[in-house]
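Listed here are the chains, written in short residue letters.
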Number of protein chains: 2
Amino acid sequence: MAYGYIGSMKTQPGKRDEVVAILLSGAASLEALGCRSYLVGLDIEDPDTMVVTEVWESKERHDASLQLPEAKEAIASAMPMLTGEFTSRELVVVGGLGDNDE
Amino acid sequence: MAYGYIGSMKTQPGKRDEVVAILLSGAASLEALGCRSYLVGLDIEDPDTMVVTEVWESKERHDASLQLPEAKEAIASAMPMLTGEFTSRELVVVGGLGDNDE
């Protein structure tokens, strides 16, 4: 079954749009790496907190994607704009609409 | 921009599969109601906790879907199997891969 990841991060004041741009810049290329869905959202109650929801063919493919030079560069450039407040949750995705496995 | 909702709920012991089946039973019909993605996952660290991630064209369409008789029936039948431990988070979805708006 597919692997899901929900992560949140908070940006330093005024840095949100820049971090969003970094997060979105690589999204289109993820499909070829085994990613079925990668969505970036802003928390309605705290728009400096971003939530990324991801669905991957497997945890292995997700983890491998983070080792690519592009991913490491993106993380390195975003990190100084974040407050360090992170949350994460891993899921076994059991089904639904829009996981691109239909 | 699209509306996102991430909700979690915990099932009573032994009731998880039944609740998952209820959650998934209506998923295919949601697309016609303005839903772009509706995924059901099990928390890896606590598989009796389910996480539903949803992307809708608007909050209005999401809220309207909950007023349909089918949705009310599904909620009523699942509710006795839940512990009452819920979380929810609302998002403004800014983009990514797989929101069916590309």
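Residues numbered from 1 in each chain as written. Chains lettered and ligands numbered in written order. Predicted model: local features only at pLDDT ≥ 70, side-chain atom pairs only at ≥ 80, totals over all residues. Heavy atoms only, no water.

(A) Layout of the relation of the copies chain A and chain B. Once chain A is rotated about the relating axis by 180° and shifted along it by 0.0 Å, it coincides with chain B to within an RMSD of 0.0 Å. Taken together, the rotation and translation relating the two chain copies correspond to the operation of a two-fold axis. For chain A, the residue whose C-alpha comes nearest the rotation axis is G98(A), separated from it by 3.5 Å. A share of 100% of interface residues in chain A that are also interface residues in chain B marks the association as one of identical surfaces. (Least-squares fit on C-alpha atoms with pLDDT ≥ 70 in both. Contact = heavy atoms within 4.5 Å.)

(B) Representation of the sheet that holds strand β4 (residues 82–97) of chain B within the structure. An order of β1(A)-β3(A)-β2(A)-β4(B)-β1(B)-β3(B)-β2(B)-β4(A) is seen for the eight strands of this closed barrel, with the pairing classed as antiparallel. With direction set aside, neighbouring strand axes in the sheet form an average angle of 35°. Pairing of strand β1 (residues 2–11) of chain A with strand β3 (residues 46–56) of chain A involves eight bridges; the strand directions are antiparallel. What sits directly across from Y3(A), in β3(A), is W56(A). Lying on the sheet, helix α1 (residues 16–25) of chain B is in contact with β4 (82–97) of chain A together with β1 (2–11), β2 (35–43), β3 (46–56) and β4 of chain B; it crosses β3(B) at an angle near 10°. (Pairing = 2+ DSSP bridges. Helix = DSSP H or I, 4+ residues; strand = E, 2+ residues; numbered from the N terminus. Axes fitted to C-alpha atoms, helices over the stretch in contact; angles between N-to-C directions.)

(C) Layout of the interface of chain A and chain B. Each partner contributes residues to the interface: chain A has 35 residues there, and chain B has 35 residues. Taken together, the two surfaces of chain A and chain B that pack against each other cover about 2,700 Å², and 66% of this comes from carbon and sulfur. Our count for the chain A to chain B interface comes out at two salt bridges. In this structure, R89(B) engages D43(A) in a salt bridge whose closest nitrogen and oxygen atoms are separated by 2.7 Å. The interface formed by chain A and chain B includes twelve residue pairs in polar contact (both at pLDDT 80 or more). When contributions to the side of chain A that touches chain B are tallied by element, the ones reaching two or more residues are β1, α1 (16–25), β2 (35–43), β3 and β4 of chain A. Examining the composition of the side of chain A that touches chain B, we find that ten residues originate from one element, β4(A), more than from any other. Here the residues of the side of chain A that touches chain B are counted per class, giving 19 nonpolar, ten polar and six charged. Bridge analysis of β4(A) against β2(B) gives six bridges, and the strand direction is antiparallel. What sits directly across from L97(A), in β2(B), is Y38(B). (Buried area = accessible area lost by both parts, 1.4 Å probe. Salt bridge = Lys/Arg side-chain N within 4 Å of Asp/Glu carboxyl O. Polar contact = N/O pair within 3.5 Å; in protein donor to acceptor, adjacent residues only side chain to side chain. Nonpolar A, V, L, I, M, F, W, Y, C, P; charged D, E, K, R; others polar.)

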